[in-house]
Amino acid sequence: QAEAVPRVSEGTRRLAVCNLNWDQVRAVDLLAVLKSFEPAGGAIRSVSVYLSDFGAEQQAREDVSGPAGVWQQQQQAGGGEEGEEADGAEADNEKLRRYELSRFRYYYGVVVCDSVATAEHLYAECDGAEFEYSAMSLDLRFIPDEMSFERTPRDAATTL
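Just so you know, these numbers come straight off a predicted model, no measurement behind them.

Points about helix α4 (residues 116-126)
When α4 is considered as a whole, its buried residues turn out to be Thr 118, Ala 119, Leu 122 and Cys 126. For α4, the angular spread of buried residues about the axis comes to 95 degrees, placing them on one side. α4 presents Ala 117 and Ala 124 as exposed residues on the side facing more than 90 degrees away from its buried surface. Summarising the contacts, the buried residues of α4 are in contact with β1 (14-18), α1 (27-35), β2 (44-51), β3 (107-113) and β4 (139-142).

Encoded structure:
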């Protein structure tokens, strides 16, 4: 999955933070962690969390029919079709796990730094590092300067 996302070859002032448990992580949490890695003379201007296109699409589907594909398929008593969800059907743990991991892609963070050097330093220090003993790794990507964001951020932070 991560290999499918193109990497920007040169650093920029902005970093994307991908694949975190966004039900638990807020912009201020990212700011607190990343500020501890700021280089001398460098600064993080802001951190914002945005809903991704994938997240918007999935949430619209879930609003209508709930999470899809997490239930065990079983033959219903009384002549039901195989694969129909019966009342009281249990979740398939592997499918539920995949669903929960896909939710990590519903949002992404945007870190705006004062300079390319600050962003490159944060990338070098933090990409792949574990996020606060959570078993989630920080997945950082440089954001091209020409890229803009149409959605309103879910939350944002400029100070702790």
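Considerations on the environment of Gly 109
As for its placement among the helices and strands, Gly 109 is situated in strand β3. In sequence terms Gly 109 and Leu 30 are 79 residues apart; their C-alpha atoms lie 8.2 Å from each other. Those residues in contact with Gly 109 that sit more than four places away from it in its chain are Leu 15, Ala 16, Val 17, Trp 22, Ser 48 and Val 49.

So, α1
For α1, the complete set of buried residues consists of Ala 27, Leu 30, Leu 31, Val 33 and Leu 34. Of the surrounding secondary structure, the elements contacted by the buried residues of α1 are β1, β2, β3, α4 and β5 (155-157).

A look at the pattern of salt bridges
All chains considered together, the criterion is met by 9 salt bridges. In this structure, Arg 103 and Glu 62 form a salt bridge, with 3.8 Å as the shortest nitrogen-oxygen distance. Here Glu 62 lies in helix α2 (residues 53-65) and Arg 103 lies in helix α3 (residues 93-103), a separation of 41 residues in the sequence. For Glu 62, a relative accessible area of 17% gives the class buried. When the shortest N-O distance is used, the salt bridge between Arg 98 and Glu 94 registers 3.7 Å. One end of the pair is Arg 98 and the other is Glu 94, both in helix α3 and 4 residues apart, which spans about a single turn.

Examining unusual backbone geometry
Positioned with a positive phi, Asn 19 is a non-glycine residue whose angle comes to about 60 degrees. Here Asn 19 falls in the partly exposed class, since its relative accessible area comes to 23%.

Here we look at the confidence of the model for the chain
For the chain, the mean per-residue pLDDT works out to 85, and 82% of the residues sit at or above 70. The low-confidence segment residues 75-80 (pLDDT under 50) makes 5 contacts with residues lying over four places distant or belonging to another chain. Low pLDDT (under 50) marks residues 82-86, which in the prediction has 10 contacts with non-local residues, meaning those over four places away or in another chain.

Quick notes on the pairing of β2
The buried fraction of β2 is high, at 7 of 8 residues. Bridging between β2 and β3 involves 7 bridges; their strand directions are antiparallel. Bridge pairing in β3 places Ile 44 opposite Cys 113. Where β2 lies against β5, 3 bridges are found, and the strand directions are antiparallel. By the bridge assignment, Ser 48 is partnered in β5 with Ala 156.

As for the environment of Leu 20
By the element assignment, Leu 20 lies in the loop between β1 and α1. Overall, Leu 20 belongs to the buried group, its relative accessible area being 0%. Discounting chain neighbours no more than four positions away, the residues touching Leu 20 are Val 25, Leu 30, Phe 104, Phe 131, Met 136, Ser 137 and Leu 138.

About the thresholds
- Residues numbered from 1 in each chain as written.
- Predicted model: local features only at pLDDT ≥ 70, side-chain atom pairs only at ≥ 80, totals over all residues.
- Heavy atoms only, no water.
- Buried < 20%, exposed > 50% of the residue type's maximum accessible area, 1.4 Å probe, protein only.
- Helix = DSSP H or I, 4+ residues; strand = E, 2+ residues; numbered from the N terminus.
- Arc of directions from axis to C-beta.
- Contact = heavy atoms within 4.5 Å.
- Salt bridge = Lys/Arg side-chain N within 4 Å of Asp/Glu carboxyl O.
- pLDDT = per-residue confidence, 0-100.
- Pairing = 2+ DSSP bridges.

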